[in-house]
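Chains, contacts and geometry: an overview
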Amino acid sequence: MSHLTPRLRLGVNIDHVATLRNARGGVAPDPLRAALLAQAAGADGITAHLREDRRHIRDADIDALVDALTIPLNLEMAATDEMQAIALRHRPHAVCIVPEKREERTTEGGLEVAADQHHLRDFIAPLKDAGCRVSLFVAPDRAQIEASYAVGAAVVELHSGAYCDFHDAGQQDARDAELVRLRDMAAFAHALGLEVHVGHGLTYGSVGPVAAFPEVRELNIGHFLIGEAVFTGLPAAMAEMRRRMDAARA
Ligand code: PXP
């Protein structure tokens, strides 16, 4: 592995352990237990999205994660005053700002940074001052990446949802076009000086080509890993994902 391709970090998103818990309204399965298991199994970070409607992760989950984790916590959240106050109270290692629509099933698109630069610059500044590494979740789009750099983000997380959807649907040409877009935009963001992460929808089948991009430093993967854990357990699912990431990187 050359110095241009440092080891790719695997961030494990535990939101959907909370989804399962909340389906019954009780306390099991416990997202903290999943996070600690992932940590013990070699996760490089834990990602949790505190949505405004608290449909999966709740405030108490964030409190527990902050108290118990020894690996970095990446707090995903919308750019609202409420979320900013929570982030400033906890000062997680990283804050990833995502768009949120109440009616969506999952985070459907990237953040509109280019048209909201004023607000985002002001929103990010206190988070940076508090020591958080601020990431913006954006489509692999030049204007959004340039704007992310302009507003002072340290990191962009490129939305891989379109690539993964085409991959899963077997639409090879569209998938390949999205992959080229991700590759070019990872290189573009890296050249600007931004750290590049990728996330959303990644599976054993789709992870390899993205993991191979030398500019990508971190993948954040949740839904597929938690689903696979039902069959194999979380450490085994993570180990298989890690194996595929490392093989693609080699
Ligand atoms: N990265 C970001 C910014 C996300 O919003 C999500 C979904 O919550 C993920 C990564 C993980 O996506 P998935 O659960 O599809 O692996």
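In what follows, the accompanying structure is described. (Residues numbered from 1 in each chain as written. Predicted model: local features only at pLDDT ≥ 70, side-chain atom pairs only at ≥ 80, totals over all residues. Heavy atoms only, no water.)

Turning our eyes to something else, we now look at the nonpolar core. Soluble globular proteins tend to bury their nonpolar side chains together. Among the nonpolar cores identified, the biggest contains 70 residues, and Ile46, Leu65, Leu136, Leu158 and Leu219 are the most heavily contacted of them. Broken down by element, the residue count for this core peaks at 6 residues, all from helix α8 (residues 172-192). Setting aside residues no more than four positions away along its own chain, Leu136 makes contact with Ile97, Leu111, Val113, Ile124, Ser148, Val151, Ala153, Val155, Val156 and Glu157. (Core = buried A, V, L, I, M, F, W, Y, C linked by side-chain atoms within 4.5 Å. Buried < 20%, exposed > 50% of the residue type's maximum accessible area, 1.4 Å probe, protein only. Helix = DSSP H or I, 4+ residues; strand = E, 2+ residues; numbered from the N terminus. Contact = heavy atoms within 4.5 Å.)

With that settled, the discussion passes to the packing of helix α9 (residues 204-211) against helix α11 (residues 234-249). The interhelical angle for the contact between α9 and α11, taken along N-to-C directions, is 35°, at an axis separation of 8 Å. For α9 against α11, the interelement crossing comes out right-handed. Residue-level inspection shows Tyr204, Gly205, Val207, Gly208 and Ala211 of α9 in contact with α11, the latter providing Ala236, Ala237, Glu240, Met241, Arg244, Met245, Ala248 and Arg249. (Axes fitted to C-alpha atoms, helices over the stretch in contact; angles between N-to-C directions. Left-handed = near helix turned anticlockwise from the far one by under 90°.)

Attention shifts here to the sheet that holds strand β7 (residues 195-199). Strand order in the closed barrel made by the 8 strands is β1-β2-β3-β4-β5-β6-β7-β8, with parallel pairing throughout. Going across the sheet, the axis of each strand differs from the next one's by a mean of 25°, ignoring polarity. In this structure, strand β1 (residues 9-13) lies alongside strand β2 (residues 45-49), joined through 3 bridges in parallel fashion. Considered in β2, the bridge of Gly11 is made with Gly45. (Pairing = 2+ DSSP bridges.)

The subject of this paragraph is the pattern of salt bridges. In total, this model carries 16 salt bridges according to the counting rule given. Here Arg55 makes a salt bridge to Asp53, at a shortest N to O gap of 3.1 Å. According to the relative accessible area criterion, Arg55 is partly exposed, its value standing at 27%. Judged by relative accessible area, which is 30%, Asp53 ranks as partly exposed. Ionic contacts of the salt-bridge type, sharing partners, join the residues Arg7, Asp44, Arg242 and Asp246 into one network. (Salt bridge = Lys/Arg side-chain N within 4 Å of Asp/Glu carboxyl O.)

Below, the discussion takes up the state of the cysteines. Taken as a whole and assessed by the stated rule, the structure comprises 0 disulfides. Free cysteine Cys96: the closest other cysteine sulfur is in Cys132, separated by 12 Å. Owing to a relative accessible area of 1%, Cys96 belongs among the buried residues under this scheme. (Disulfide = S-S within 2.5 Å.)

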